[in-house]
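# Commentary on secondary and tertiary structure
This is what each chain is made of:
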Amino acid sequence: MTIDVAAQDARLEALCALAQETRDFMDAVALTEVGGSEIAAVAAELAALTARLRAAARETPQPLEIGADGTVRHLGNAVTGAANPHALPLVVERDPERGVRADIAFRPLHEGPPSAVHGGISAMVLDHLLGQAVAAAGVAGLTGTLTVRYRATVPYGRPLVATAEHTRSEGRKSWADGRIALPDGTVLVEATGLFITPAEWVGLKVT
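Once a new chain begins, its residue numbering starts again from 1 and follows that chain's sequence as written. Thresholds applied to this predicted model are a pLDDT of at least 70 for local features of residues and 80 or more for the giving and counting of side-chain atom pairs; totals over whole chains, interfaces and linings are not thresholded and use all residues. Think of the side-chain values as coming from all heavy atoms in the structure, minus any hydrogens and water.

A few words on the overall build of the protein. Of the regular secondary structure elements, the protein holds three helices and eight strands. Going along the chain from the N terminus, every DSSP run of H or I of four or more residues is numbered as a helix, and every run of E of two or more is numbered as a strand. Listed by position from the N terminus, the elements making up the protein come as α-α-β-β-β-β-α-β-β-β-β. Residues counted as buried form 35% of the 207 residues belonging to the protein. In the protein, once contacts between residues fewer than 6 apart in sequence are set aside, the share between residues at least 24 apart is 61%. For the exposure calls, accessible area comes from a 1.4 Å probe over protein chains only, and a residue counts as buried if that area is under 20% of its type's maximum, exposed if over 50%, partly exposed in between. Working rule for contacts: check all heavy atoms of both residues, and any pair within 4.5 Å makes them a contact.

A few words on the pairing of strand S6 (residues 160-170). Here the rule is simple: two strands pair whenever DSSP picks up at least two bridges between them. Sheet topology note: the S6/strand S7 (residues 173-181) ladder contains nine bridges and is antiparallel. In the strand pairing of S7, arginine 168 is matched with tryptophan 175. From the end of S6 to the start of S7, which pair antiparallel, there are two residues, and glycine 171 there has a positive phi angle of about 60 degrees.

With that settled, the discussion passes to the packing of aromatic side chains. Centres within 6.5 Å make a pair out of two Phe, Tyr or Trp rings, where for Trp the six-membered ring is used; the pair is then stacked when the planes are under 30 degrees apart, edge-to-face when over 60, and tilted otherwise. One pass over the structure, following the stated rule, counts zero aromatic pairs. Only Lys NZ and Arg CZ are tested; either one counts as a charge over a ring when it is within 6 Å of the ring centre and within 35 degrees of the ring normal. Its end group placed over the ring of tryptophan 175, arginine 168 keeps NZ or CZ at 3.8 Å from the ring centre.

This paragraph deals with the side chain of histidine 110. Relative to the helices and strands, histidine 110 is located in the loop between strand S4 (99-104) and helix H3 (119-136). In contact with histidine 110, other than residues within four places in its own chain, are Leu88, Ala116, Val117, His118 and Ile121.

Time to look at the nonpolar core. Joining through side-chain atoms within 4.5 Å is the link that ties buried Ala, Val, Leu, Ile, Met, Phe, Trp, Tyr and Cys residues into a set, and such a set is a nonpolar core. Ranked by size, the top nonpolar core spans 27 residues in total, and within it Leu90, Ile104, Phe106, Leu129, Leu160 and Ile180 carry the most contacts. Only S4, H3, S6, S7 and strand S8 (187-196) provide two or more residues apiece to this core. Among the elements that make up this core, the one with the highest residue count is H3 (seven residues). For isoleucine 180, the contacting residues outside a window of four places in its chain are Ile104, Phe106, Ser122, Val125, Leu126, Leu160, Val161, Ala162, Thr186, Val187, Leu188 and Val189. Grouped together as the second largest cluster of nonpolar side chains are five residues, Leu12, Cys16, Ala82 and Ala83 included.

A patch consists of residues exposed above 30% relative accessible area that lack any salt bridge, with like charges linked at up to 9 Å and nonpolar side chains (Val, Leu, Ile, Met, Phe, Trp, Tyr) linked at up to 5 Å. Here the accessible surface of atoms and residues is derived via Shrake-Rupley with a 1.4 Å probe, and residues count as covered only by protein chains that are part of the display. Throughout this description, the term salt bridge denotes a Lys or Arg side-chain nitrogen within 4 Å of a carboxyl oxygen of Asp or Glu. Nonpolar side chains collect at one region of the surface, where Phe25, Val29, Val42, Leu46 and Leu49 lie side by side and expose about 380 Å² of accessible area between them. The dominant element in the nonpolar patch, judged by the number of residues it contributes, is helix H2 (residues 36-53), at three residues. Assignment of secondary structure puts leucine 46 in helix H2.

The analysis is restricted to geometry; functional conclusions fall outside its scope.
Spelled out as structure tokens, the structure:
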């Protein structure tokens, strides 16, 4: 369900590397304790770098691409996009037993309650993973409803596991269940989603 970016052109590889450096920079901003003058100096340098990148800019992030074999890549996606600094990025894999899975390590930048991940971030990740689960089942769709149940606070800076599976379909409606858990299986957040397959997507192959 993922594409090796290194096999693509050098520009995209460089863009993904820049996005990762930007993630590291954002974490550094959230945690820095350097003095005010140093912060101001870094801000000035950052403004200059931003201007260089805006010298040639697109109107939207890197687009969704579907290869001839049905393989999907979306480098601009807010959850999985390697070229989107906002993304973790989440790497989703097929799980023969449970649909799809992903190893997660949230960052301090994702804090909501003290020392815990913001509930909206957990919901966003689960929304995406549930969508991947129905897509893996051959019934790709858009989120209709998402029900999230928070069972415990989600820590950042610790390894976590997210899994999801397609449960059933009726016409263009499909349902999926998913959760974020500790490595020992303790569920922290769980969700159920209803996804609607647009008429123009019927028959679309996603691998």
